[in-house]
Structures are given as structure tokens and as C-alpha cells.
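# Secondary and tertiary structure notes
Residues per chain, in single letters:
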Amino acid sequence: MANKMVAVVSLKDSYTVKPAEPTFNGRLALSEWDQIGTITHVPTIYFYRPSQDWIMREGDVLATLRDSLSRALVHFYPLAGRLCWIEGGRLEIECNSMGIQLIEAESKATLEDFGDFTSSPYLEYLEHLVPSVDYSSPIHELPLMLVQLTKFSCGGISISTSISHAVADGQSALHFVHEWARLARGEPVETAPFLDRTVLLAGGRNINNAAPAPRFDHQEFRHPPPLMGEPSAVQEERKKKTTVAFLKLTKTQVEKLKKTANESRFTEGRPYSRYETIAAHIWRSACKARGHLPEQPTAIGICVDSRSRMWPPLPQAYFGNATFDVIAAGRSGELASNPLGYVSSRIREAIQKVKDEYVRSAIDFLRNQPDLSRFQDLHALGRDEGPFYGNPNLGVISWLTLPMYGVDFGWGREIYMGPGPHDFDGDSLILPGHDGDGSVVVALCLQVAHMDAFKNFFYEAIAEP
């Protein structure tokens, strides 16, 4: 089935979409947050069943998307520019209205072929439904956003986006998508983006005048621990074959995990959240599945939105990267042998660091670095010197509070929305269930050798009686 479908994917055309009106022309400074971690493109995808009326109007879907994209870029004009390298492994945006790429594709597959969008053949086919980015080209030639419209033989469609993480975090990317959809429906922009990145001290760095010294020890900027006993462990682990699984937790299973964690609490205050509980469960399960020695150091990367944690708070419409990565660390033996509440407490301790003075200290740390290259995950560009969150480590990102769903371009809400392909060991996302029933989905990438054991450990603790 998968091979049959791949063979009939065809790219019909490609268009450059530019802002509908003149916009700012010049360089836009990026904050330190924009320039570290993942600076490549992050893909997401939406599936729709337009009404027969839309299907019969040949070309209307494409025309609606092109026109509304062009008008959306007037407000979100940095997306129409290009990145450029400056000294010290740093980046700026050249706001030049070069535009984004819109790809039109067709497939003889049907939406029914993809089942519930969480298993084969969908996972094998997914990479053909999202725009591919040619990272062999110079960075100043790459569009900061690419869109692919794929029409299926049943009349269904998918709309996928790949947006540069150097320009927008998840909150900002979804802000753009929702406003784009409003314009497509004939409605005005509801909330204009806040584009002034100087609120996070973007630009103004003078190599002759150092920033203030950081006031905290920033463990998150050290490379995570390698696998013990292997001199070239990171390079070897990067090469190992990975696989992706979408693991569903019902509302009942989520509540059972939270109850288990909170019955063994190691901190005062409010009960552990869904994220603190599920991320802890993922971390423990991975330590067991990977067969670590008890003394193996391990770290989990945690992504925290700092918009409401700064003082004064950043505008919720801040367009850029306002997420802050922190680290919780431990040893595999202690994490696997202690109660779930103990592991949740390690995660909460890391999250609670993210306050105004800690974030500003981290900015000072980065502004004092002569070169940011070692803090950038450029593995997609063929460079391996950046941080690696594969075995024995993890990155667990929460989409639980993001406005992921309800994106209506005029032909109704999506029937499914999810992440694009991700094939890096240790990458994981926690997503809310699409039906709003309290369930969650864990999208996880692990080495093939570890996935079956992980599933066993993941589900055995929450097995229904």
C-alpha cells in the first residue's frame, strides 16, 4: 500500500507568494533565543474534507490559499524574508519580500488509506506530504516558510507548512496559521503580531562591550551527557536507525498517571501537571527501555514558554522565539527505581527556574559567547557539533496548551492535525487529543532497537484492570 501511494504522488507546480503590499525592507535583528537549538524548519500538517461545492470549483482552493497567504505576509512580513549569517555564528533576517514557496501536489491515495493517521502506511507516506527543504543550498537562499497543498483522489486535501524555527516558535507559527485562515475565510486579522524583538534584547550586541555576567549556572547550555563506555558515543548513536510511534493515552490513563505521581509527591504546592507527569513517565520508560547502567547520567530537555514568566510579561502575540529550554538531569538507576512523583519533581524543579531574572541571565550568557555555533542543532544541515538529545537523553516538548486545532480556511475544520516527520532519536511531542476528550498523544522517535521495550514499559504502568 505505502509503495503504491508513494509512486503516485506528483508535484504539479510551485509558486512564490510575496506580500500583497510593500513592507519593511532591511535587516531585522534576531534574539539569542532565535539563534540556538533548532534553527531548521519545523513541519506540521492539516487534513480536510472540503464540501462537494469546493471540490467542483477547480482551482478555488489553491487561489484562496495564495491570495490569503499574500495578505497574511503583509502583517507577518519577516516570514517573506531570508536568513543571513553574520559574525560569531549569528543570524539576522533580511526582510526583502522574496516570499514563501507554495507547492501544489496531487495523489491517487485517499484519506481512508491513512487510517487514524498514527500508523502505517501514513507514517511512511508523511514525508511526501510536507515540503522538503534543500539544506545543501546557502541559508540566504532558503524560504523561511514553505507550504504544500496536496489533493487526494477522494476530494480530500492536506495543507502542510514548514516554518523556520529561527523565525518562529510553536506559539508564533500557530498564530500565523490561524490569522492566515481568518483571511482565507474573508475575515480581518484578529491579533496583529508583535514584531519588536528588542524586548528580548535582540540586536545591539557590541563585540567590544561584553554583556553583564550571567547570574546563574546555566546547565542547559552544556552538551547533554554521552552514553557511558563509548569514546565516540554521540557520533555512533546519531547513526543508528530510528522509528516513530504515536502512543495514545486515554483521559482515564492520564488521570491514573497523575494520581500515581501525586501520591508520591516530593514537592510542596500544586499537584503535578499533565506535562510534569507524562514527561516523567516518558523519561523513566526510556531509561528502562534503553538498558542503561544504573549510574548512566541522563538529561531531559524541557521547553518552557517564557512570555508570561518575564517581567514585564511579553505580549502573547510576540512573534519569534520566546520558548526557553531547560534541563532536568539524573542517573538512570535512580529514575527507574524511584516513584513517578520523584521524577516529576525533577522536571518541576527545572521548570520553576524559568523566571525573569533567570531568562535574562541566560541571555547575558549567550550574548557573551564569541560564537553561537556550538549551541545550534544543525544536524539537518550535515553538521554534527550541535547538541544531541538522543540516547541516553530525551527532549519532550509540550503542545498541550498550543492552539493547534480548529483551523478553518473556509471549507470547515480539519479532520486531523499533527507534526510532520521527525527522525531524531529522543525527540518527542505531547499533543492533546483532537476530539477534546482529555486524551493525549505522545509522538516519539527512538532507535528501532529500543521502541518495542519502550512501549511495554510505557503501557504496563497504566494497564486497565
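For the structure itself, consult the block above.
So, here's what we can say about the structure. Computed from a prediction, not measured in an experiment: that's the story for all the values here.

### Focus: the state of the cysteines
Taken as a whole, this structure holds 0 disulfides when the rule is applied. Summary of cysteine pairing: cysteine 303 is not part of a disulfide, and the nearest cysteine sulfur, belonging to cysteine 445, is at 18 Å.

### Topic: the pattern of salt bridges
Under the counting rule described, the total for this entry stands at 23 salt bridges. One salt bridge connects lysine 12 with glutamate 106, and the closest N-O pair in it is separated by 3.5 Å. Of this pair, lysine 12 sits in strand 1 (residues 10–17) while glutamate 106 is found in strand 7 (residues 100–107), placing the two residues 94 residues apart along the sequence. Of the residues examined, lysine 12 reaches a relative accessible area of 41% and is grouped as partly exposed. Here glutamate 104 and lysine 151 are joined by a salt bridge, their closest N and O atoms 3.7 Å apart. With glutamate 104 in strand 7 and lysine 151 in strand 8 (residues 145–152), the pair connects residues that are 47 residues apart, well separated along the chain. The buried category is assigned to glutamate 104, whose relative accessible area is 6%. Several salt bridges converge on common partners, so that one network encompasses Lys12, Glu104, Glu106 and Lys151.

### Considerations on helix 7 (residues 251–263)
In this model, helix 7 (13 residues) spans 18 Å end to end at C-alpha, consistent with the 18 Å of a helix rising 1.5 Å per residue. Tucked inside the fold, the buried residues of helix 7 contact strand 10 (242–249), helix 8 (274–289), helix 10 (340–351), strand 17 (440–447) and helix 12 (448–460).

### Focus on the sheet that holds strand 6 (residues 90–95)
The strand order 2-6-5 describes an open sheet built from 3 strands, whose pairing is antiparallel. On the outer flanks of this sheet lie strand 2 (26–29) and strand 5 (82–86), each paired with one strand and no other. Neighbour-to-neighbour, the strand axes of the sheet open up by a mean angle of 40°, direction not taken into account. Direction of pairing for strand 5 relative to strand 6: antiparallel, over a ladder of 5 bridges. Within strand 6, the residue paired with leucine 83 across the bridge is isoleucine 93.

### Remarks on empty space enclosed by the protein
Enumeration according to the criterion identifies 1 cavity of 30 Å³ or more in this entry. Computed from the structure, the largest cavity encloses a volume of approximately 70 Å³. Around the largest cavity, the lining is made up of 11 residues, and of these Ile39, His41, Leu83, Ile139 and Leu142 lie nearest the centre. Partitioning the lining of the largest cavity into residue classes produces 8 nonpolar, 3 polar and no charged.

### Notes on the packing of aromatic side chains
Taken as a whole and assessed by the stated rule, the structure comprises 29 aromatic pairs. Taking the centre distance of 5.8 Å and the plane angle of 20° together, the rings of phenylalanine 409 and tryptophan 411 count as stacked. Look at phenylalanine 409 and you get buried, because its relative accessible area is 1%. When its relative accessible area of 6% is taken as the criterion, tryptophan 411 is described as buried. Members of the aromatic cluster, each reached through a chain of ring pairs, are Tyr46, Tyr48, Phe76, Phe176, Trp180, Phe319, Phe409 and Trp411. A cation sits over an aromatic face here: arginine 265 above tyrosine 272, 5.7 Å from the ring centre.

### Here we look at helix 3 (residues 60–75)
For helix 3, spanning 16 residues, the distance from its first C-alpha to its last is 23 Å, which sits close to the expected 22 Å at 1.5 Å a residue. If you check which residues of helix 3 are buried, you get Val61, Leu62, Thr64, Leu65, Ser68, Leu69, Ser70, Ala72, Leu73 and Val74.

### Observations concerning unusual backbone geometry
Of the consecutive residues tryptophan 311 and proline 312, the connecting peptide bond is found in the cis state with omega at -5°. Within the secondary structure, proline 312 sits in the loop between strand 11 (297–305) and strand 12 (323–331). For the bond from asparagine 391 to proline 392, the omega torsion is 15°, close enough to zero to count as cis. With respect to the secondary-structure elements, proline 392 resides in the loop between strand 13 (376–377) and strand 14 (394–398). Residue serine 97 is not a glycine yet carries a positive backbone phi of 55°. Here serine 97 is to be found in the loop between strand 6 and strand 7. Here the phi dihedral of phenylalanine 117 falls at roughly 65°; this positive angle occurs in a residue that is not glycine. Mapping phenylalanine 117 onto the fold places it in the loop between strand 7 and helix 4 (122–125).

### Remarks on the pairing of strand 4 (residues 41–48)
In terms of residue burial, strand 4 counts as a mostly covered element, since 7 of its 8 residues are buried. Pairing of strand 4 with strand 15 (residues 416–419) involves 4 bridges; the strand directions are antiparallel. Residue pairing in the sheet places isoleucine 45 in a bridge with glycine 418 of strand 15.

### Description of the packing of helix 7 against helix 10
The contact between helix 7 and helix 10 brings their axes to 6 Å, and the two run at 85°. Classified by the angle between their axes, helix 7 and helix 10 sit roughly perpendicular to one another. Every residue of helix 10 that contacts helix 7 at Leu257, Thr260 and Ala261 is listed here: Leu340, Gly341 and Ser344. Residue composition of the contact of helix 7 with helix 10, by class: 3 nonpolar, 3 polar and no charged.

Definitions and limits used
Residues numbered from 1 in each chain as written. Predicted model: local features only at pLDDT ≥ 70, side-chain atom pairs only at ≥ 80, totals over all residues. Heavy atoms only, no water. Disulfide = S-S within 2.5 Å. Salt bridge = Lys/Arg side-chain N within 4 Å of Asp/Glu carboxyl O. Helix = DSSP H or I, 4+ residues; strand = E, 2+ residues; numbered from the N terminus. Buried < 20%, exposed > 50% of the residue type's maximum accessible area, 1.4 Å probe, protein only. Expected span 1.5 Å × (residues − 1). Contact = heavy atoms within 4.5 Å. Pairing = 2+ DSSP bridges. Axes fitted to C-alpha atoms, helices over the stretch in contact; angles between N-to-C directions. 1 Å grid on protein atoms, 1.4 Å probe; cavity = no way out; pocket = protein on both sides within 12 Å on 5 of 7 lines; lining within 4 Å. Points joined across faces, edges and corners; volume = space filled by probe spheres on them. Nonpolar A, V, L, I, M, F, W, Y, C, P; charged D, E, K, R; others polar. Phe/Tyr/Trp six-rings, centres within 6.5 Å; stacked < 30°, edge-to-face > 60°. Lys NZ or Arg CZ within 6 Å of the ring centre and 35° of its normal. Parallel < 35°, antiparallel > 145°, perpendicular 65-115°, else oblique.

Honestly, that's just the spatial picture; any functional story needs more than this.
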